[in-house]
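Examining the three-dimensional arrangement
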Amino acid sequence: MARVPYLDAEDLTEQHRHLLDERPINLRRAMANLPALAAHYAAIAEWFRFEAEVDTRARELGILVAAYGAGNAYAFCQHVEIGARFGVTDGDIDALCAFVNGHPVDLDAQDLLVMRTAQSLSRDAVLDDDLWEGLVETFSQRGAMELCLAISHYNYVVRMLASLRMDVEPELAPALERFAPPAAIGSWR
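Residues numbered from 1 in each chain as written. Predicted model: local features only at pLDDT ≥ 70, side-chain atom pairs only at ≥ 80, totals over all residues. Heavy atoms only, no water.

1. Some words on the nonpolar core
Core analysis: the biggest nonpolar cluster contains 52 residues, and Leu27, Phe76, Ile93, Leu96, Met160 and Leu161 have the highest contact counts within it. Among residues more than four places away in sequence, those in contact with Met160 are Leu27, Met31 and Tyr41. (Core = buried A, V, L, I, M, F, W, Y, C linked by side-chain atoms within 4.5 Å. Buried < 20%, exposed > 50% of the residue type's maximum accessible area, 1.4 Å probe, protein only. Contact = heavy atoms within 4.5 Å.)

Structure (structure tokens):
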């Protein structure tokens, strides 16, 4: 159960109702308890999703590795759905779950680079030179920055979600049954 109430548009002042217009998901409804912060948070999240130039599928794989590795069901379920819109397949998610759990995976070089980057930033909070150089070669300097910052941003997000004990929306919960059995999620906590 969440630690803060999930607000609806009618709970907000006229000035802040727009915060729940487009995506009234639990995250945004909880963040609406601090409407000024919610507006800034939404702007950052939307920038990563719609204005960043890095490959969107790679970004979603990185976010999913961060969410799964942190054991954050909410972020994981949200990004299973979002990732599907950007080309992340069930097979990709199976592979990233296996990767995070230390099992051998058969991935192409780009996917492995993204997952190793996400794991390094999420688990160790560092990025080795070889990973950075591979990112620059693969995505450009800008793309490498955007990918690292998106993954780092979602490391903040999973911690914020955990502190608020965000509930997974019922329509997204099947992703936990399909991809993230309770014994596996959170493998590097």
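2. Observations regarding the environment of Ala9
Within the fold, Ala9 resides in the segment before α1 (26-31). For Ala9, a relative accessible area of 25% gives the class partly exposed. Sequence separation of Ala9 and Leu19 is 10 residues, and the distance between their C-alpha atoms is 7.9 Å. (Helix = DSSP H or I, 4+ residues; strand = E, 2+ residues; numbered from the N terminus.)

3. A short note on the pattern of salt bridges
Summed over all chains, the structure comprises 12 salt bridges. Across the salt bridge formed by Arg142 and Glu53, the nearest N and O atoms sit 3.4 Å from each other. One end of the pair, Arg142, is in helix α7 (residues 129-164); the other, Glu53, is in the loop between α2 (35-50) and α3 (56-70), and 89 residues separate them in sequence. The shortest N-O distance in the salt bridge between Arg142 and Glu146 comes to 2.6 Å. With Arg142 and Glu146 both in helix α7 and four residues apart, this pair spans about one turn of that helix. Linked by salt bridges that have partners in common, Glu53, Arg142 and Glu146 make up one network. (Salt bridge = Lys/Arg side-chain N within 4 Å of Asp/Glu carboxyl O.)

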